[in-house]
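Each chain is listed here by its residues.
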Amino acid sequence: MSAEPQLIVNGKRTDGRGPTDLRPLKIDVGIIKNAAGSSYIEHGKNKIYAAVYGPKDSHRYGTSMEKAVIRCRYHMSPFSTDERKNPQPSRREIEISKVIRDALEPALLLENFPKTIIDVFIEVLQSDGGSRSASITAASVALADAGIPMRDLVQAVAVGKVNGTLVLDLNDIEDKEGEADMPVAFMLNENKITLLQMDGKMTVEEFKAGITMAMEAAKKIKEIQKEALQRKYAQAGEGSR
Ligand code: ADP
């Protein structure tokens, strides 16, 4: 049996963080002029663009008479991983596109736009574990920038278990070598979870503590999302004067 890799030494993780520390997080809004709404996120070493098109009228098969249909494409660029990734969409990317859409949809007032489509494109330029969570956080901001009315911003972060310790916001090696990885997305206003996935094993107590840890982090992420949106619209206001 191979020895378990030492990912926590003297209470410090591979990137120097303590167990409950978030990675540095930066969000910019409205950087893609041709999209209805856009954002760029750096969450640790993850670097991700999100761009929203729509709502646009649609008479295609699959269009709903009751509400807008949201489509989502999560894509990893070939240079986003340590070895060149095939640019074709993989099964993993198709699955992540679906879970991101499902995580965002409950927050959106799609009934305001019947017979339309809203497209969300997510491009991962660099990945370092937790890219689906960072993509949800970024896409929610891009949807707000596109003016899509919503119940709340959605933000996501993973919690997991590494060397028997509960940790927040796993990086790539922790994600791959740790005992558990659980991405969670929140709609905090409504006290709702819109995404919950789990890879690995945790006890019920660890699970409960993990959800609390992720929720506290989501509150911090939400503040950064709001500040990013406020910054863009404050600048736009100054420009129009
Ligand atoms: P997430 O990025 O949401 O944690 P996964 O748990 O599926 O998604 O993947 C964890 C990490 O593994 C990714 O962030 C990325 O750094 C790496 N990874 C994913 N797919 C590939 C790939 N095809 N080649 C190399 N590394 C990959």
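Above: the structure in question.
A brief report on the enclosed structure follows. All values reported here derive from a predicted model rather than from experimental measurement. (Residues numbered from 1 in each chain as written. Predicted model: local features only at pLDDT ≥ 70, side-chain atom pairs only at ≥ 80, totals over all residues. Heavy atoms only, no water.)

Some thoughts on the nonpolar core
Next up, step 1: The biggest cluster of nonpolar side chains holds 57 residues, and the ones touching the most others in it are Ile100, Val120, Ile122, Ile136 and Leu143.
Next up, step 2: At 8 residues, the largest contribution of residues to this core is made by helix H4 (residues 204-240).
Next up, step 3: Apart from residues lying up to four places away in sequence, isoleucine 136 is in contact with Ile100, Ala103, Leu104, Val154, Ala156, Ala185 and Leu195.
Next up, step 4: Counting 6 residues, the second largest nonpolar core, distinct from the first, contains Ile8, Ala158, Val162 and Val167. (Core = buried A, V, L, I, M, F, W, Y, C linked by side-chain atoms within 4.5 Å. Buried < 20%, exposed > 50% of the residue type's maximum accessible area, 1.4 Å probe, protein only. Helix = DSSP H or I, 4+ residues; strand = E, 2+ residues; numbered from the N terminus. Contact = heavy atoms within 4.5 Å.)

What to know about the layout of surface pockets
Next up, step 1: One number sums up the size of the largest pocket: a volume of about 520 Å³.
Next up, step 2: Along its surface, the largest pocket is lined by 23 residues, and Arg92, Gly129, Arg132, Asp172 and Asp175 are the ones closest to its centre.
Next up, step 3: Looking at the lining of the largest pocket, the elements with two or more residues in it are helix H1 (91-104), helix H2 (131-145), helix H3 (172-177) and strand S10 (180-187).
Next up, step 4: Here the lining of the largest pocket is built from residues that sort into 6 nonpolar, 8 polar and 9 charged. (1 Å grid on protein atoms, 1.4 Å probe; cavity = no way out; pocket = protein on both sides within 12 Å on 5 of 7 lines; lining within 4 Å. Points joined across faces, edges and corners; volume = space filled by probe spheres on them. Nonpolar A, V, L, I, M, F, W, Y, C, P; charged D, E, K, R; others polar.)

Quick look at the site of the ligand
Next up, step 1: Not every one of the 14 residues close to the ligand is listed here, only the nearest: Arg92, Gly129, Gly130, Ser131 and Asp175.
Next up, step 2: Measuring from an oxygen atom of the ligand, one finds a backbone N or O atom of glycine 130 at 2.7 Å.
Next up, step 3: At 2.8 Å, a side-chain N or O of aspartate 175 approaches an oxygen atom of the ligand.
Next up, step 4: In the complex, the protein chains occlude 77% of the 530 Å² of accessible area that the ligand would expose alone.
Next up, step 5: More than half of the atoms of the ligand fall within 2 Å of the grid points belonging to the largest pocket.
Next up, step 6: Listed by contribution, the elements that provide at least two residues to the shell around the ligand are H2 and H3.
Next up, step 7: The leading source of residues in the shell around the ligand is H3, at 3 residues.
Next up, step 8: Tallied by class, residues from the shell around the ligand come to 1 nonpolar, 5 polar and 8 charged. (Near = heavy atom within 4 Å. Polar contact = N/O pair within 3.5 Å; in protein donor to acceptor, adjacent residues only side chain to side chain. Areas by Shrake-Rupley, 256 points an atom, 1.4 Å probe, with all protein chains shown as cover. Sits in = over half its atoms within 2 Å of the grid points.)

Considering the sheet that holds strand S5 (residues 46-57)
Next up, step 1: Read across the open sheet, the 5 strands follow the order S3-S4-S5-S7-S6; overall the sheet is mixed. Where the open sheet ends on each side, the last strands, each with one partner, are strand S3 (25-29) and strand S6 (69-76). Each adjacent strand pair in this sheet contributes to an overall mean axis angle of 15 degrees, direction not counted.
Next up, step 2: Bridge count for strand S4 (residues 37-43) against S5 is 7 bridges, and the pairing is antiparallel. Bridging from a neighbouring strand, histidine 43 pairs with asparagine 46 of S5.
Next up, step 3: Sheet strands in contact with H1 are S6 and strand S7 (116-126), and its direction is about 140 degrees off that of S6.
Next up, step 4: On the sheet, H2 packs against S3, S4, S5, S6 and S7 and is oriented at approximately 150 degrees with respect to S4. (Pairing = 2+ DSSP bridges. Axes fitted to C-alpha atoms, helices over the stretch in contact; angles between N-to-C directions.)

Some remarks on the packing of H1 against H2
Next up, step 1: For the pair H1 and H2, interaxial distance at closest approach is 10 Å and the crossing angle is 45 degrees. Taken together, the axes of H1 and H2 are oblique relative to one another. By crossing handedness, the relation of H1 to H2 is classed as right-handed. When H1 is examined against H2, the residues Arg92, Glu95, Ile96, Ile100, Ala103 and Leu104 are found in contact with a partner set consisting of Ser131, Arg132, Ser135, Ile136, Ala139, Ser140 and Leu143.
Next up, step 2: Partitioned by chemical class, the residues of the contact of H1 with H2 number 7 nonpolar, 3 polar and 3 charged. (Parallel < 35°, antiparallel > 145°, perpendicular 65-115°, else oblique. Left-handed = near helix turned anticlockwise from the far one by under 90°.)

A look at the pattern of salt bridges
A pair can form between side chains of opposite charge whenever their charged atoms are brought close.
Next up, step 1: For the coordinates displayed, the defined rule picks out 23 salt bridges.
Next up, step 2: Arginine 71 is the salt-bridge partner of aspartate 119, the closest N and O atoms lying 2.7 Å from each other. You can see aspartate 119 sitting in strand S7 and its partner arginine 71 sitting in strand S6, a full 48 residues away along the chain.
Next up, step 3: For arginine 71, a relative accessible area of 31% puts it in the partly exposed group. (Salt bridge = Lys/Arg side-chain N within 4 Å of Asp/Glu carboxyl O.)

Considering unusual backbone geometry
Next up, step 1: Following glycine 54, the chain continues to proline 55 via a peptide bond in cis, the omega torsion being 5 degrees.
Next up, step 2: Tracing the backbone shows proline 55 in strand S5.
Next up, step 3: Positive phi outside glycine occurs at asparagine 10, with the angle close to 50 degrees.
Next up, step 4: Residue placement: asparagine 10 occurs in the loop between strand S1 (8-9) and strand S2 (12-13).
Next up, step 5: One non-glycine residue, asparagine 163, lies in positive phi territory at about 45 degrees.

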